[in-house]
Amino acid sequence: MPYTLTGELRQRLGFTRALTFSIAQQQCVSPIHALRVLRALFAKQTGWQNALIVCVDTILREDLRAIGTAGMHSDGASVMWVCRDAPTQLLGLQTYNDPVAVHGILPDGRYESNNNYLWSLVSVIRRVIKDAGLTPSDLHTVLPHNVNLPAWYQAMDALRLPKERLFTRNFSRIGHVFGSDAAVNLADSAALKTPGHHLVFASGIGGCFGGFILSTQASAWT
């Protein structure tokens, strides 16, 4: 559609041959769902070589910037370049939407608790690891969405992983930049320069979860 962010970018950047589309209602897990779409498109269109995943988010009400006691929302944007036959291999791509209705933000600005949150988080991570043909101990780094650090420490305990493998620096330095967390953490960590398996994971308000593993070679891009 012409009057969307993707349509505007296509026009201004002169991407006249590019197919543009957007992912809706998947919240902070939108870029991971976009990867699922791209995987299907690249499988069908064998001549395609490159794609861009663009995220931009802003907080329109300052009273919603604080995420209870779990963290802080930030404004930001990111672009990830996806290339066929890149030196980093994407493994175990999984997404999950909790069928139990969760409103997320309540009328008074509070965030509704979700009793399934930790169970879903750990379960989908295990699905990602299993689909990649790995075990939790194979993970070199865990790149989370930058919110709810105590829950992430619980998840690391459940996976029997050392907390040192969790990339935590951006929880306080940047906060939660919605769908851009994955790109920000990949850029700020050493994952793209460090050979090994790196878990990238996100959850979104309303019960969305998703993640994948980057298997990085020594010659990976920086």
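Given the structure is predicted, the values throughout are model-derived calculations rather than measurements.

Bringing the pattern of salt bridges into the picture now. Using the criterion set out here, one finds three salt bridges in the structure. A salt bridge links E8 to R12; the shortest N-O distance between them is 2.6 Å. Of this pair, E8 and R12 both sit in helix α1 (residues 5-13), four residues apart, which is roughly one turn of the helix. Given the relative accessible area of 29%, E8 is considered partly exposed. Residue R12 is classed as exposed on the basis of its relative accessible area of 68%.

Another point: the side chain of S78. By the secondary structure assignment, S78 is in strand β2 (residues 76-83). Polar side-chain contacts of S78 include one of 3.0 Å to the side chain of S180. Residues within four places of S78 in sequence aside, it is in contact with I53, V54, C55, S180 and A183.

Right, let's get into the nonpolar core. The nonpolar side chains of a soluble globular protein tend to be buried with one another. Core analysis: the largest hydrophobic core is formed by 24 residues, its most contacted members being L121, I125, V142, W152, L199, F201 and I213. Where this core is concerned, the elements lending two or more residues are α3 (117-131), β4 (139-143), α4 (149-158), β5 (196-204) and β6 (208-216). Take this core: its biggest share by element is seven residues, from α3. The residues contacting V142, other than those within four sequence positions of it, are W152, M156, L161, R165, L166, F167 and L199. Counting 21 residues, the second-largest nonpolar core is a separate cluster that includes I32, L35, C208 and F212.

Now for the packing of aromatic side chains. The final tally for this structure, using the stated rule, is four aromatic pairs. A ring pair is formed by F42 and W48, whose centres lie 6.3 Å apart and whose planes are at 80 degrees; its orientation type is edge-to-face. Consider the rings of W152 and F201, whose centres lie 6.1 Å apart with planes at 75 degrees: the pair is edge-to-face. Of the two residues, W152 sits in helix α4 while F201 sits in strand β5, which places them 49 residues apart along the sequence. In this pair, the class of W152 matches that of F201, namely buried. Among the aromatic residues, ring-to-ring pairing joins Y96, Y117 and F209 into one connected group.

Attention now goes to the confidence of the model for the protein chain. Mean pLDDT over the protein chain works out to 85, with 90% of the residues at or above the 70 mark. Averaged pLDDT values for the elements of the protein chain fall to 83 in α1 and rise to 95 in β4.

As a further point, take the environment of N50. Here N50 shows up in strand β1 (residues 50-57). Distance in space between the C-alpha atoms of N50 and L38 is 9.8 Å, their sequence separation being 12 residues. Setting aside chain neighbours within four positions, we find N50 in contact with F42, W81, V82 and C83.

Among the nine residues in β6, nine count as buried, and that is most of the element. Burial of the side chains of β6 extends over both faces: C208, G210, F212, L214 and T216 are buried on one face and F209, G211, I213 and S215 on the other. As paired elements, strand β3 (residues 88-97) and β6 share eight bridges and run antiparallel to each other. Each bridged residue has a counterpart across the sheet, and for Y96 the counterpart in β6 is F209. Here β5 pairs with β6 via nine bridges, running antiparallel.

Together, L5, L13, F15, L52, V54, V56, V79 and W81 line one region of the surface with nonpolar side chains, adding up to about 750 Å² of accessible area. Within the residue set of the nonpolar patch, elements represented by two or more residues are α1, β1 and β2. It is β1 that provides the largest number of residues to the nonpolar patch, a total of three residues. Of note, V79 is situated in strand β2. Residue V79 is classed as exposed on the basis of its relative accessible area of 53%.

Rules used in this analysis
Residues numbered from 1 in each chain as written. Predicted model: local features only at pLDDT ≥ 70, side-chain atom pairs only at ≥ 80, totals over all residues. Heavy atoms only, no water. Salt bridge = Lys/Arg side-chain N within 4 Å of Asp/Glu carboxyl O. Helix = DSSP H or I, 4+ residues; strand = E, 2+ residues; numbered from the N terminus. Buried < 20%, exposed > 50% of the residue type's maximum accessible area, 1.4 Å probe, protein only. Polar contact = N/O pair within 3.5 Å; in protein donor to acceptor, adjacent residues only side chain to side chain. Contact = heavy atoms within 4.5 Å. Core = buried A, V, L, I, M, F, W, Y, C linked by side-chain atoms within 4.5 Å. Phe/Tyr/Trp six-rings, centres within 6.5 Å; stacked < 30°, edge-to-face > 60°. pLDDT = per-residue confidence, 0-100. Pairing = 2+ DSSP bridges. Patch = residues over 30% accessible without salt bridge, like charges linked within 9 Å, V, L, I, M, F, W, Y side chains within 5 Å. Areas by Shrake-Rupley, 256 points an atom, 1.4 Å probe, with all protein chains shown as cover.

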